[in-house]
Amino acid sequence: MMNPYGKKLGSVLLAALLGVSGLSNAFVMSAYAEETQTESVTEAVGEAAEEMEAAAETAAEAEDAAEEDLTAEAETEDAAGSEDTAEAETETEIETEAPQLELAVDSETVIVTDATGLGIVSLTFVTAADVFSAEAGTAENETSGGASSEEEASDEDASEETEAETEGSEDTEDASETSEAETEASEDAEVVLLAEEANGTVHTFEDVSLTGLSGLTLVEKIGFIFLKGTDEAGDEKYFYETAEEVELETPVTMYTVGMVNIREEASGESTLLGTADRGSEVEVLGGTSSWFRVTQGDLTGYVAARYLTADAGEAEAAVEAEATARAALEAAAAAQAAAAAQAAAAAAASSSSSSSSGSPSSSSSSSSSGGKTEVSREAVDDCDGSGHGYYIVTYSDGSVDYIDY
């Protein structure tokens with residue numbers, strides 16, 4: 001007979017074994033699930049990493065493409081900028097390069113630079129008779145437009161009658177023709193220079209002689225033009241167009257390039273009102289082609305046009321050049337005076353030595369007066385053609401003085 005306690009114990013043991021087995025299975029299932037979940041996560045992470053890497057590569061490629069586009073665009077802009085710069089430089093060269101005009105002078109062709117900015121298209125020497133004939137023809141055309149055909153017929157009849165009446169005076173006519181021929185020859189001897197603009201405006205120059213001149217240039221100031229050149233001695237020569245005096249609507253600021261006289265009238269013989277130093281600023285009110293009417297301070301008068309410029313830099317350069325030239329002259333004068341003083345001292349020493357060996361009376365006659373003497377005198381700058389300028393006077397003691405003349 002089975003022990004009831006043993007049966008119960010067996011049941012308990014069996015239950016225990018089954019519980020342990022259940023726990024083991026649960027643990028195994030849990031571990032398997034965890035491993036499966038880890039693998040899924042790992043796979044998901046890997047896929048995400050691959051996607052991120054692919055996205056990064058795509059972004060890098062896009063960035064490289066964008067940089068290439070920007071580089072190409074920049075190169076295009078640089079090329080365009082270079083073209084613009086080249087065009088601008090070309091335009092500047094075209095603007096700053098003054099036109100060159102040809103002019104026949106004494107059977108030769110000379111070059112004249114047109115710095116007027118007016119677009120001079122031709123320069124031509126013609127006789128005064130041609131100019132007078134053209135002007136007379138123009139005036140005749142203007143006044144003969146209202147004449148009737150009947151009046152013209154009457155004039156012709158009168159002309160025929162006059163010719164018939166004067167047939168007997170051939171000697172008188174011959175003399176008259178000779179006189180007219182001489183007059184025409186005189187007019188032919190007078191030659192004028194015509195400068196024509198593209199718009200047909202003609203500027204006339206009288207008494208122009210360009211023989212031996214170089215660096216011929218046309219220059220414009222306040223609407224007038226003049227022709228300048230340099231002769232073989234290095235002096236500048238000026239020829240002004242024939243024009244009436246004008247009054248400017250608005251004053252123009254200009255600067256002096258020399259020490260100039262301000263005169264009452266447009267003439268070097270007119271009354272002198274005052275002077276203006278080199279580099280002075282003046283207001284130009286008008287004037288003629290060769291004399292400008294200006295105001296400086298309380299003075300209003302005329303100044304020679306060639307000593308005025310609208311370029312302040314040119315005036316400053318003239319001041320600096322004058323200062324440099326004056327310093328060089330002073331240095332040369334001082335050196336000359338020092339040499340003269342040294343020579344005088346040597347001569348005095350020699351004279352003293354001779355007198356000491358000779359009669360005592362000769363010493364008094366050879367003694368120096370002790371005063372300074374003039375060593376050199378140099379004239380500078382005839383500033384308006386009237387003779388105004390100054391002398392640089394150097395003395396034996398090395399001093400220098402300036403004396404106006």
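This text follows the structure it describes.
Below or above, wherever it landed, is the structure these notes cover. Note that the structure is a prediction, hence the values are computed from the model and not measured.

### What about the sheet that holds strand β6 (residues 214-221)?
Here comes step 1: Spatially, the five strands line up as an open sheet ordered β1-β2-β6-β7-β8, and their pairing is mixed. Bordering the open sheet on either side are β1 (100-105) and β8 (236-240), each of which pairs with just one other strand. The sheet shows a mean angle of 30° between the axes of neighbouring strands, direction not considered.
Here comes step 2: In this sheet, strand β7 (residues 224-230) lies alongside β6 in antiparallel orientation, the contact comprising six bridges. Bridged to K221 within β7 is F224.

### Here we look at the side chain of T256
Here comes step 1: Inspection of the secondary structure puts T256 in strand β9 (residues 246-256).
Here comes step 2: A distance of 2.7 Å separates the side chain of T256 from the backbone oxygen of D277, its partner in a polar contact.
Here comes step 3: Within polar-contact distance, the side chain of T256 engages the backbone nitrogen of S280 at 2.9 Å.
Here comes step 4: Sequence-distant contacts of T256, that is, excluding residues within four places in its chain, are made with A276, D277, R278, G279, S280, Y307, L308 and A315.

### Description of the pairing of strand β4 (residues 191-197)
Here comes step 1: Note: strand β3 (residues 120-127) against β4, seven bridges, orientation antiparallel. Bridge pairing in β4 places V126 opposite V192.
Here comes step 2: Pairing analysis gives five bridges linking β4 to strand β5 (residues 202-206), with the strands arranged antiparallel. Residue L194 lies in a different strand from β5, and its bridge partner there is T204.
Here comes step 3: Once β4 ends, the chain turns through four residues before running back antiparallel as β5, passing G200 with a positive phi of about 95°.

### Regarding the packing of aromatic side chains
Here comes step 1: On inspection of all chains with the given rule, the structure shows three aromatic pairs.
Here comes step 2: Taking the centre distance of 5.8 Å and the plane angle of 50° together, the rings of F226 and Y238 count as tilted. Of this pair, F226 sits in strand β7 while Y238 sits in strand β8, placing them twelve residues apart in sequence.
Here comes step 3: Summarising the aromatic geometry, the rings of F226 and Y240 are spaced 5.5 Å apart at their centres and angled 45° between planes, so their arrangement reads as tilted. Linking F226 in strand β7 with Y240 in strand β8, this pair joins segments that are 14 residues apart in sequence.
Here comes step 4: What makes F226 buried here is its relative accessible area of 3%.
Here comes step 5: One aromatic cluster in this structure is built from F226, Y238 and Y240.

### A look at the sheet that holds strand β17 (residues 390-395)
Within a sheet, adjacent strands bond to each other through the backbone by hydrogen bonds, running parallel or antiparallel.
Here comes step 1: Strand order in the open sheet formed by three strands is β16-β17-β18, and the pairing between neighbours is antiparallel. Edge positions in the sheet fall to β16 (374-380) and β18 (400-404), since each of these pairs with one other strand and no more. For this sheet, the mean inter-axis angle between neighbouring strands, taken without regard to orientation, is 20°.
Here comes step 2: In the sheet, β16 pairs with β17 via six bridges, with the strands oriented antiparallel. Note that in β17 the partner of E378 across the bridge is I392.

### Quick notes on the pattern of salt bridges
Charged atoms that come close allow side chains of opposite charge to pair.
Here comes step 1: For the coordinates displayed, the defined rule picks out five salt bridges.
Here comes step 2: A salt bridge links R293 to E247; its shortest N-O distance comes to 2.7 Å. Placement of the pair is R293 in strand β13 (residues 291-296) and E247 in strand β9, with a sequence separation of 46 residues.
Here comes step 3: Of the charged contacts, one joins E374 and R377 as a salt bridge, the two residues approaching to 3.1 Å between their closest N and O atoms.
Here comes step 4: In the salt-bridge network here, residues are joined through shared partners; they are R278, E322 and R326.

### Here we look at the pairing of β13
Here comes step 1: In this structure, strand β12 (residues 281-287) lies alongside β13, joined through four bridges in antiparallel fashion. Residue pairing across strands places E283 opposite T295, the latter belonging to β13.
Here comes step 2: Counting the residues that bridge the hairpin from β12 to β13 gives three residues.
Here comes step 3: One ladder, built from six bridges, connects β13 with strand β14 (residues 299-304); its direction is antiparallel. In the strand pairing of β14, Q296 is matched with L299.
Here comes step 4: If you look at the hairpin formed by β13 and β14, you'll find two residues sitting between the two strands, and G297 has a positive phi there, around 65°.

What counts and what doesn't
Residues numbered from 1 in each chain as written. Predicted model: local features only at pLDDT ≥ 70, side-chain atom pairs only at ≥ 80, totals over all residues. Heavy atoms only, no water. Pairing = 2+ DSSP bridges. Helix = DSSP H or I, 4+ residues; strand = E, 2+ residues; numbered from the N terminus. Axes fitted to C-alpha atoms, helices over the stretch in contact; angles between N-to-C directions. Polar contact = N/O pair within 3.5 Å; in protein donor to acceptor, adjacent residues only side chain to side chain. Contact = heavy atoms within 4.5 Å. Phe/Tyr/Trp six-rings, centres within 6.5 Å; stacked < 30°, edge-to-face > 60°. Buried < 20%, exposed > 50% of the residue type's maximum accessible area, 1.4 Å probe, protein only. Salt bridge = Lys/Arg side-chain N within 4 Å of Asp/Glu carboxyl O.

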